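# Reading the structure
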Amino acid sequence: MPGPVSRPRPVLGRRSFLAAGGAAGVAALAAGAALPAGAQPGAALVPDGTRFLQTMTSAYPELADQPRLPQSYADESGLFSTAFVYDCALTVCALLAVGDRGTARVVGDGLLFAQQHDPQHDDGRLRQAYNVGPYVFYDGVPQPYGLVRPDRTANIGSQFGFLGTAVGDMAWPGIALLHLHRSTGDARYLDGARRIGEWILGRAVNPGALGGFRFGVDAADQPVPNVSTEHNIDCVALFRALGAADPAGRARWTDAGRRARALVETMWEPAGGYFYTGSDDGSTINRDPLPLDPQTWSWLALRDAAYATSLDWAVEALGTTDTPDSPNSQLPAGVSIRGVTFSDASLTSTAVYNGVPVDSDAVWLEGTAQVVTALRDRRAPRDAALAVGLVREIRRAQARLGAGQHAGGQLIRHRGMVSASSALDTGFGFGYFAYQHTGATAWAVMGERAVNPMQVDGLR
């Protein structure tokens, strides 16, 4: 994939979500957002979103009798049958939130299979992603298997190099497995989550001055020294849920959660009311770029009024509107989408991915759905109206974007949510694009059902 390429950028057209003096844009989004009496926010999206998640889980019907995981993106993304474990975890949470315990268990069982049948390690780890259906790679070499290879090992995503193990990519499946355990009483899910917790404690404690947990390990099983605020927030939620589900280990899990939380609190910038992204070396704070995830997830995991302004900062500082007139927009004529972007770097990026220049006004729809989820959980004045306004934007995106895309070679008939309204640069070396995505859809479903996957009983 080519590196970012600079290009001239128009002066006008960015962040019209907060036009007319910042806060006025928030008010404009909330204005007129009230629903008719008795109407249920998100009622139109939840059924199709649920069916989309079910479709992606069964995208390869010839493999229905084997352990399986949902394909993360539509075929058009070029990632073939890749299933990112973070997306799988979100799928479990969203399906439980709508009452589809059966499909949620299919995905949970797939995660357990991957954990128990790694081709190289038997230590409870999950890789970043797995192959879950047959395809022919770009080099012309057929990849004929699903999640289960003939030798009964998990089909890890080696073609794209998705072989490392990250703390956040462990914590979210752990959270999902614990929700499954709470829903079903099946001890296998608790055992799987315990192994995830043990892996984090055994392999990811940050030896640097900032404490907390470092990023994880790379494909060669070597430690990655970076420390992510987002990942440590995930650990707060995971270790709290483990403590609730595992009384015998509660003291240990509680201590681990305190370690993660201490790192998160160190990353707080009181003057700006936001969290920094983390550290590159485990000892010094990285202050740039400023991403969305720590701002929304900090509320969902901590529910601490001392840090509640991080959500307000995200809505205001990362707000954007994508229109057909935006630089390099991919929206169809007559469609505009308001929401938030990935980071403050996204708002000024001139990156190019595979020859496609990014749109600095692009809306990150997965992140916008995270904002809805957090607003509905926080319930501060104006949160409900602002959330309904964002739901309206999400519904428009679902109705107008992503048509004609496929999974496993078959047309997706029940449309999910695309990850971004147009090509978007995160500022962290990767991008999001207008392809239907299980992660974005799962967050949209959870946001509209007003649940919180980062709390122990948050899906009920």
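Residues numbered from 1 in each chain as written. Predicted model: local features only at pLDDT ≥ 70, side-chain atom pairs only at ≥ 80, totals over all residues. Heavy atoms only, no water.

## Quick look at the overall build of the chain
Along its length, the chain carries 13 helices and 22 strands. Against the globule reference of 23 Å for 460 residues, the chain gives a C-alpha radius of gyration of 21 Å, in line with a compact fold. Expressed along its principal axes, the backbone C-alpha trace of the chain runs to roughly 60 × 50 × 50 Å. A total of 460 residues make up the chain; the buried ones form 59% of that total. Long-range contacts, defined as pairs at least 24 residues apart, comprise 70% of the intrachain contacts of the chain with a sequence gap of at least 6. (Helix = DSSP H or I, 4+ residues; strand = E, 2+ residues; numbered from the N terminus. Rg over C-alpha atoms; globule rule 2.2 N^0.38 Å. Buried < 20%, exposed > 50% of the residue type's maximum accessible area, 1.4 Å probe, protein only. Contact = heavy atoms within 4.5 Å.)

## Description of the confidence of the model for the chain
Summarising the model, the chain shows a mean pLDDT of 91, and 90% of its residues fall at 70 or more. When the criterion is pLDDT under 50, residues 1–43 qualifies, and its contacts beyond four places in sequence or with other chains add up to 88 contacts. (pLDDT = per-residue confidence, 0-100.)

## What about the nonpolar core?
Counting 132 residues, the largest nonpolar core has Leu69, Tyr130, Trp172, Ile200, Leu238, Phe239 and Trp443 as its most contacted members. Here this core takes eleven residues from helix H3 (residues 85–97), the largest share from any one element. Not counting residues up to four positions away in its chain, the partners in contact with Tyr130 are Leu69, Ser81, Thr82, Ala83, Val85, Ala114, Leu147, Ala154, Asn155, Ile156 and Gly157. (Core = buried A, V, L, I, M, F, W, Y, C linked by side-chain atoms within 4.5 Å.)

## As for the sheet that holds strand E8 (residues 227–228)
Across the sheet, which stays open at both edges, the three strands sit in the order E8-E11-E12 with antiparallel pairing between neighbours. Two strands close off the open sheet at either side, each with one partner strand: E8 and strand E12 (285–286). The pairing of E8 with strand E11 (residues 278–279) spans two bridges and is antiparallel. Following the sheet pairing, Ser228 is matched in E11 by Gly278. (Pairing = 2+ DSSP bridges.)

## Section: unusual backbone geometry
Excluding glycine, most residues fall at negative phi; most peptide bonds, likewise, are trans. A cis amide bond links Asp288 with the next residue in sequence, Pro289, at an omega value of 0°. Tracing the backbone shows Pro289 in the loop between E12 and helix H9 (293–302). Non-glycine residue Arg382 carries a positive phi angle of around 75°. Inspection of the secondary structure puts Arg382 in the loop between helix H11 (365–378) and helix H12 (383–400).

## Here we look at the side chain of Ser419
One can find Ser419 in the loop between strand E19 (417–418) and strand E20 (424–425). A distance of 2.6 Å separates a polar atom in the side chain of Ser419 from the backbone oxygen of Phe433. Excluding residues within four positions of it along the chain, Ser419 makes contact with Tyr73, Val363, Trp364, Leu365, Glu366, Tyr432, Phe433, Tyr435, His437 and Ala440. (Polar contact = N/O pair within 3.5 Å; in protein donor to acceptor, adjacent residues only side chain to side chain.)

## Description of the packing of helix H10 (residues 309–317) against H11
The geometry of H10 relative to H11 is characterised by a closest axis approach of 11 Å and an angle of 140° between their N-to-C directions. Considered as vectors, H10 and H11 are oriented oblique to each other. Regarding H10 and H11, the two cross each other, and that crossing is left-handed. Contacts from Leu311, Asp312 and Val315 of H10 reach H11 at Val371, Ala374, Leu375 and Arg378. Among the residues forming the contact of H10 with H11, the class breakdown is five nonpolar, no polar and two charged. (Axes fitted to C-alpha atoms, helices over the stretch in contact; angles between N-to-C directions. Parallel < 35°, antiparallel > 145°, perpendicular 65-115°, else oblique. Left-handed = near helix turned anticlockwise from the far one by under 90°. Nonpolar A, V, L, I, M, F, W, Y, C, P; charged D, E, K, R; others polar.)

## A short note on the sheet that holds strand E5 (residues 165–166)
Within the open sheet, the three strands sit side by side as E5-E6-E7. Their pairing is antiparallel. Two strands lie at the open edges of the sheet, namely E5 and strand E7 (223–224), each paired on one side alone. Pairing geometry for strand E6 (residues 216–217) and E7, over two bridges, is antiparallel. Across the sheet, Val217 pairs through a bridge with Pro223, a residue of E7.

## With respect to the packing of aromatic side chains
Two aromatic rings, taken as a pair, are described by how far apart their centres are and by the angle between their planes. One pass over the structure, following the stated rule, counts 30 aromatic pairs. The interplanar angle of 65° and the centroid separation of 5.3 Å between the aromatic rings of Trp172 and Trp297 together place this pair among those described as edge-to-face. Here the residue Trp172 occupies a position in helix H5 (residues 167–184), and Trp297 occupies one in helix H9, the gap between them amounting to 125 residues. Ring centres of Phe433 and Tyr435 lie 6.5 Å apart, and the angle between their planes is 45°; on these two criteria the pair is classed as tilted. With a relative accessible area of 23%, Phe433 lands in the partly exposed category. Connected via pairs of aromatic rings, a cluster forms that spans Tyr73, Phe80, Phe84, Tyr135, Phe137, Tyr138, Phe160 and Phe162. One cation-aromatic arrangement involves Arg188 over Tyr189; the distance from NZ or CZ to the ring centre is 5.0 Å. (Phe/Tyr/Trp six-rings, centres within 6.5 Å; stacked < 30°, edge-to-face > 60°. Lys NZ or Arg CZ within 6 Å of the ring centre and 35° of its normal.)

## Overview of the pattern of salt bridges
This structure, assessed with the given rule, holds 22 salt bridges. Here Asp122 ties to Arg195 by a salt bridge, and the two come within 3.1 Å at their closest N and O atoms. Of this pair, Asp122 sits in the loop between helix H4 (101–116) and strand E2 (129–131) while Arg195 sits in helix H6 (residues 187–203), placing them 73 residues apart in sequence. Looking at Asp122, the relative accessible area reads 63%, which means it is exposed. Overall, Arg195 belongs to the partly exposed group, its relative accessible area being 26%. Note that Asp246 is salt-bridged to Arg194, the shortest N-O span being 3.2 Å. One end of the pair, Asp246, is in the loop between helix H7 (229–245) and helix H8 (250–266); the other, Arg194, is in helix H6, with 52 residues separating them in the sequence. (Salt bridge = Lys/Arg side-chain N within 4 Å of Asp/Glu carboxyl O.)

## Topic: the packing of H3 against helix H13 (residues 438–448)
Two elements in contact, H3 and H13, have axes separated by 8 Å at closest approach and are oriented at 30°. Taken together, H3 and H13 sit at an angle that is classed as roughly parallel. Crossing angle aside, the handedness with which H3 passes H13 is left-handed. On the side of H3, the interface is formed by Tyr86, Asp87, Leu90, Thr91, Cys93 and Ala94, while H13 contributes Thr438, Gly439, Ala442, Trp443, Val445 and Met446.

## A word on the environment of Val340
When you line up the elements, Val340 lands in strand E14 (residues 337–340). Given a relative accessible area of 2%, Val340 falls into the buried group. Sequence separation between Val340 and Val418 is 78 residues, and the spatial gap between their C-alpha atoms is 14 Å. In this structure, Val340 is in contact with Leu292, Ala314, Val315, Leu318, Gly319, Thr320, Val363, Trp364, Gly367, Thr368 and Val371, ignoring residues within four places of it in sequence.

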